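# Secondary and tertiary structure notes
Residues per chain are reported as follows:
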Amino acid sequence: GDSVTQMEGPVTLSEEAFLTINCTYTATGYPSLFWYVQYPGEGLQLLLKATKADDKGSNKGFEATYRKETTSFHLEKGSVQVSDSAVYFCALVNTGGFKTIFGAGTRLFVKA
Amino acid sequence: NAGVMQNPRHLVRRRGQEARLRCSPMKGHSHVYWYRQLPEEGLKFMVYLQKENIIDESGMPKERFSAEFPKEGPSILRIQQVVRGDSAAYFCASSPPSSGGGNEQFFGPGTRLTVL
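Residue numbers restart at each chain and count upward from 1, following the sequence in its written direction. The order in which chains are written sets their letters, starting at A; the order in which ligands are written sets their numbers, starting at 1. In view of the model being predicted, local features appear only for residues whose pLDDT reaches at least 70, and side-chain atom pairs are presented and counted only at 80 or more, with totals across whole chains, interfaces and linings using the full set of residues. In computing side-chain properties, one takes all heavy atoms of the structure into account and sets aside hydrogens as well as water.

## Side note on the packing of aromatic side chains
Residues and elements named next belong to chain B. Here a Phe, Tyr or Trp ring, Trp counted by its six-membered ring, pairs with any other such ring whose centre lies within 6.5 Å, and the pair is stacked when the planes are under 30 degrees apart, edge-to-face when over 60, and tilted otherwise. Enumeration over the complete set of coordinates arrives at 13 aromatic pairs over all chains. Aromatic side chains Y33 and Y48 sit 4.8 Å apart centroid to centroid with 10° between the ring planes, which places their arrangement in the stacked category. A residue pair is termed long-range when its members are at least 10 positions apart, and Y33 in strand β4 (residues 31-37) and Y48 in strand β5 (residues 43-50) qualify at 15 residues. Given a relative accessible area of 0%, Y33 falls into the buried group. With a relative accessible area of 6%, Y48 lands in the buried category. A run of DSSP states H or I qualifies as a helix once it reaches four residues; a run of E qualifies as a strand once it reaches two. Both are numbered from the N-terminal end. Burial classification: accessible surface area is computed with a 1.4 Å probe over protein chains only, and a residue below 20% of its type maximum counts as buried, one above 50% as exposed, and the rest as partly exposed.

## Here's the deal with the state of the cysteines
Cysteine sulfurs are considered disulfide-paired once they come within 2.5 Å of each other. In the structure shown here, the tally under the stated rule is 2 disulfides over all chains. The side chain of A:C23 participates in a disulfide bridge whose partner is A:C90; the two sulfur atoms lie 1.9 Å from each other. Every disulfide takes its handedness from the sign of the S-S torsion; for A:C23 and A:C90 that torsion is -70°, giving left-handed. Residue A:C23 is located in strand β4 (residues 23-26), and its partner A:C90 is located in strand β10 (residues 86-93); the two are separated by 67 residues in the primary sequence. As far as the burial class goes, A:C23 and A:C90 line up, both buried. Each disulfide pairs two cysteine sulfurs, and for B:C23 the partner residue is B:C92, the sulfurs being separated by 1.8 Å. A torsion of -55° about the S-S bond marks the disulfide between B:C23 and B:C92 as left-handed.

## A short note on the pairing of strand β6 (residues 44-50) of chain A
Residues and elements named next belong to chain A. Sheet topology places strand β5 (residues 32-38) next to β6; 6 bridges connect them, and they run antiparallel. The residue of β6 that forms the bridge with L33 is A50. Linkage of β5 to β6, two consecutive antiparallel strands, is achieved through a turn of 5 residues, within which G41 is found at a positive phi near 75°. Note on pairing: two strands pair once DSSP finds at least 2 bridges between them.

## Observations regarding the pattern of salt bridges
A carboxyl oxygen of Asp or Glu within 4 Å of a side-chain nitrogen of Lys or Arg is what we treat as a salt bridge. According to the stated counting rule, one finds 6 salt bridges over all chains in the structure shown. With its nearest N and O atoms 2.8 Å apart, the salt bridge here joins A:D84 to A:K77. By relative accessible area, A:K77 is classed as buried at 10%. Between B:D86 and B:R64 there is a salt bridge, with the nearest N and O atoms lying 2.7 Å from each other. Of the two residues, B:D86 is situated in the loop between β8 (75-79) and β9 (88-95) and B:R64 in the loop between β6 (53-56) and β7 (65-68); the sequence distance between them amounts to 22 residues. Linked by salt bridges that have partners in common, B:E18, B:R20 and B:R78 make up one network.

## Details of the sheet that holds strand β9 (residues 75-77) of chain A
For sheets, the rule is that strands pair by backbone hydrogen bonds, running either parallel or antiparallel. Residues and elements named next belong to chain A. Ordered by their spatial adjacency, 4 strands build an open sheet running β3-β9-β8-β7, and the pairing between neighbours is antiparallel. Bordering the open sheet on either side are β3 (19-21) and β7 (56-59), each of which pairs with just one other strand. Neighbouring strand axes in the sheet, compared pairwise and without regard to direction, differ in orientation by 15° on average. Note that strand β8 (residues 62-65) and β9 share 3 bridges and pair antiparallel. Bridged to E63 within β9 is E76. For helices, the fitted line uses only the C-alpha atoms of the stretch in contact; every axis is such a line through C-alpha atoms, and the angle between N-to-C directions lies from 0 to 180 degrees.

Everything listed is a geometric property; what it means functionally is a separate question.
In structure tokens:
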């Protein structure tokens, strides 16, 4: 079945460091890919998405590129802030599907 | 346009009691999904409903759990005779009627259930 694998956390960075959170997927068909962010005690917020190969999603300085050849959707940010501390979830919804399949989440701590 | 609303935000129950979780989808959305998040884990799909119909409940435990989305009113996730293992965050999501492939779902803030 469809699945999402993302790097284990926690990831601890200093402010202004470069962030990469790896995400790979397994899916039949042509899924849409998403990154969600969950701040402590809150629900999920959509951070960015890409619906087809080579699309780049971007928002708030974060970006991720849909790479079909490597089945990846790695999240990157050039300069993280303390306020970026949260749990990040990579997810997919397959073509014509309705279940969002989530990775296990990666917790990010950013130190001042 | 208000987002997906869930209530209560926090719910405490003793073992054996019933828990009722409510979800009001975004205006104009007729598809509702429930997910469960166990501590330190990702979200797991439970059930997908449209108005008055359960479309897929493959992620629902076979016993004690039920869900409905009536013609009027919110969607309800009901857990009977709760046990400690039911303690989790339960998230509702909604999407519009004709989302097409790869539909984006809009998530509510979640209900955090604690079973004592």
